[in-house]
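Inside the fold
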Amino acid sequence: MDNLLDDLRHIETLDKSCMLQILKRFPEDCRSAINRAKKVSLEGISGKRFTKIVFAGVGGSSIGGKLIIDWLWRECTVPMVLSRGYHLPAIVDDETLVFTVSYSGNTEETLSMLEEALNAGAPTITVTSGGAMSEIAVENGLPLISLPDGYRPRAAISHQFFSLATAMHELDLVGISWGEVPEALSTLEAIRDEISMDVPQEENLAKKVALRLLDKIPMVYGSSLLEGVAYRLRSQLNENSKVPSGSGSFPEAFHNAVLGSERDSEVLGNLALLLLRDPGDDEGVKRKIERFKELFTPKVGDIIEVEARGSGKLARILSLVYFGDYISTYLGLLYGHDPSSNVSIDKLKQV
Ligand code: PA5
């Protein structure tokens, strides 16, 4: 087990859908997503006035919208909402920009929200690799940003995120934050050189973290900017590593999750706290995270901290998404799973 993550031949046999190869081209995929989305005509949408923005999608296809909300929280003056169910919120009207996102294009919740967007006369942009969603888009003349084939939905996050971000930029909704994109992409390239599969375990932070998470239940926390990243990592741990996991955010966790420290080590010993640290955190948050750690340290199985990289918010967000995607993939491999397998999700979709 100790050197399994350096045994590339063994890893290849487990990683049947090549999650690690996909992760390796993450920075290039971000660039190609931007170019691809820029070519899509937004006729019928450009020039309209939007009073709200809604991102509609579930599971892996909801993450891009959440990351955009976190990234633009302090800059975008149009309210943004994430919708992850069968129904859109009642605020949706003909001044609401709706993005419907489904990698397969066949997810029933998202198709239901697309139908509601059409009924509400909302300007709607579809983001999908095909399926019923692309057919509905063509029938109704909706802009369609195509996601490339060959990915698990969660593994297409680079394409998904930059499809949404680029369309919003083209509609003048991103503002000066778009200037953060080059730094974010070069930060991802630098991280790849440190944590990709060919970097041996003793120098590879993502492999080391995965090893520390073995046989533990990971609880992931990030500060407000990283709320979506923490949620993403918890979902990736569920989906790629096939482990139960929870997530939360600071400062909110100081007002609820901290009380969990009152249980004894018999219960808490199974947990590993994975703290996503942002150098841009408010001083109050930094101080309280130290106290939070002190309370849990004697009882939990482990406390692991991973720091965001880069100076812009986008680099800080995407750097930790990238670390987390690698960590969860390595952990799945350590457990002997194909990180891309989706047996339980596929079964439930048939119910
Ligand atoms: O990552 C996954 O495979 C899932 O979380 C899917 O994203 C989720 O089931 C929704 O499917 P789709 O993205 O095809 O709409």
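Position labels on residues start from 1 in each chain and follow its written sequence. In keeping with the model being predicted, local features are shown solely for residues with a pLDDT of at least 70 and side-chain atom pairs are shown and tallied solely at 80 or more, while totals for entire chains, interfaces and linings include all residues. In computing side-chain values, all of the structure's heavy atoms are included and hydrogens and water are not.

Here's the deal with the overall build of the protein
Looking only at helices and strands, the protein has 14 helices and nine strands in total. Every radius of gyration here is taken over C-alpha atoms, with the globule rule written as 2.2 Å times N^0.38, N being the number of residues. Here the protein has a C-alpha radius of gyration of 20 Å; the compact-globule value for 351 residues is 20 Å, and the two agree. The principal-axis extents of the C-alpha atoms in the protein amount to approximately 55 × 45 × 40 Å. Evaluated residue by residue, the protein yields a buried proportion of 55% over its 351 residues. Here, two residues are considered to be in contact whenever any of their heavy atoms come within 4.5 Å of each other. Taking as baseline every contact in the protein between residues at least 6 positions apart, the subset at least 24 positions apart corresponds to 79%. Each accessible area is a Shrake-Rupley estimate made with a 1.4 Å probe; only the visible protein chains count as cover when residues are assessed. Accessible surface, the protein: about 15000 Å² in total, of which carbon and sulfur atoms supply 50%. His is not counted, nor are the chain ends, whereas Lys and Arg count as positive and Asp and Glu as negative. Every charge is mapped to an atom, namely NZ of Lys, CZ of Arg, CG of Asp or CD of Glu. Taken as two groups, the 37 positive and 49 negative side-chain charges of the protein have centres that lie 2 Å from each other. The helix and strand labels rest on DSSP assignments: H or I over at least four residues marks a helix, E over at least two residues marks a strand, and numbering proceeds from the N terminus. In this scheme, a residue with accessible area under 20% of its type's maximum is buried, one over 50% is exposed, and one in between is partly exposed, where area comes from a 1.4 Å probe on protein chains only.

Description of empty space enclosed by the protein
Summary: where empty space remains is shown by rolling a probe the size of a single water molecule over the atoms. Only protein atoms enter the 1 Å grid used here, on which a cavity is any set of points holding a 1.4 Å probe that cannot leave and a pocket is any open set flanked by protein within 12 Å on both sides along at least five of seven lines; residues with an atom within 4 Å of a point are listed as lining. Grid points are joined across faces, edges and corners, and a volume is the space filled by probe spheres set on the points. Within the structure shown, the criterion is met by one cavity of 30 Å³ or more. Approximately 50 Å³ is the volume attributed to the largest cavity. If you go around the largest cavity, the residues you meet are Met19, Ile22, Leu23, Phe26, Arg154, Ala155, Ile157, Arg232, Gln236, Asn240 and Asp325. Looking at the lining of the largest cavity element by element, the count peaks at three residues for helix H2 (residues 19-24). All amino acids are sorted into three groups, where Ala, Val, Leu, Ile, Met, Phe, Trp, Tyr, Cys and Pro are nonpolar, Asp, Glu, Lys and Arg are charged, and the leftover types, Gly among them, are polar. Of the residues that constitute the lining of the largest cavity, the class distribution is six nonpolar, two polar and three charged.

Any functional reading would require information beyond the geometric quantities listed.
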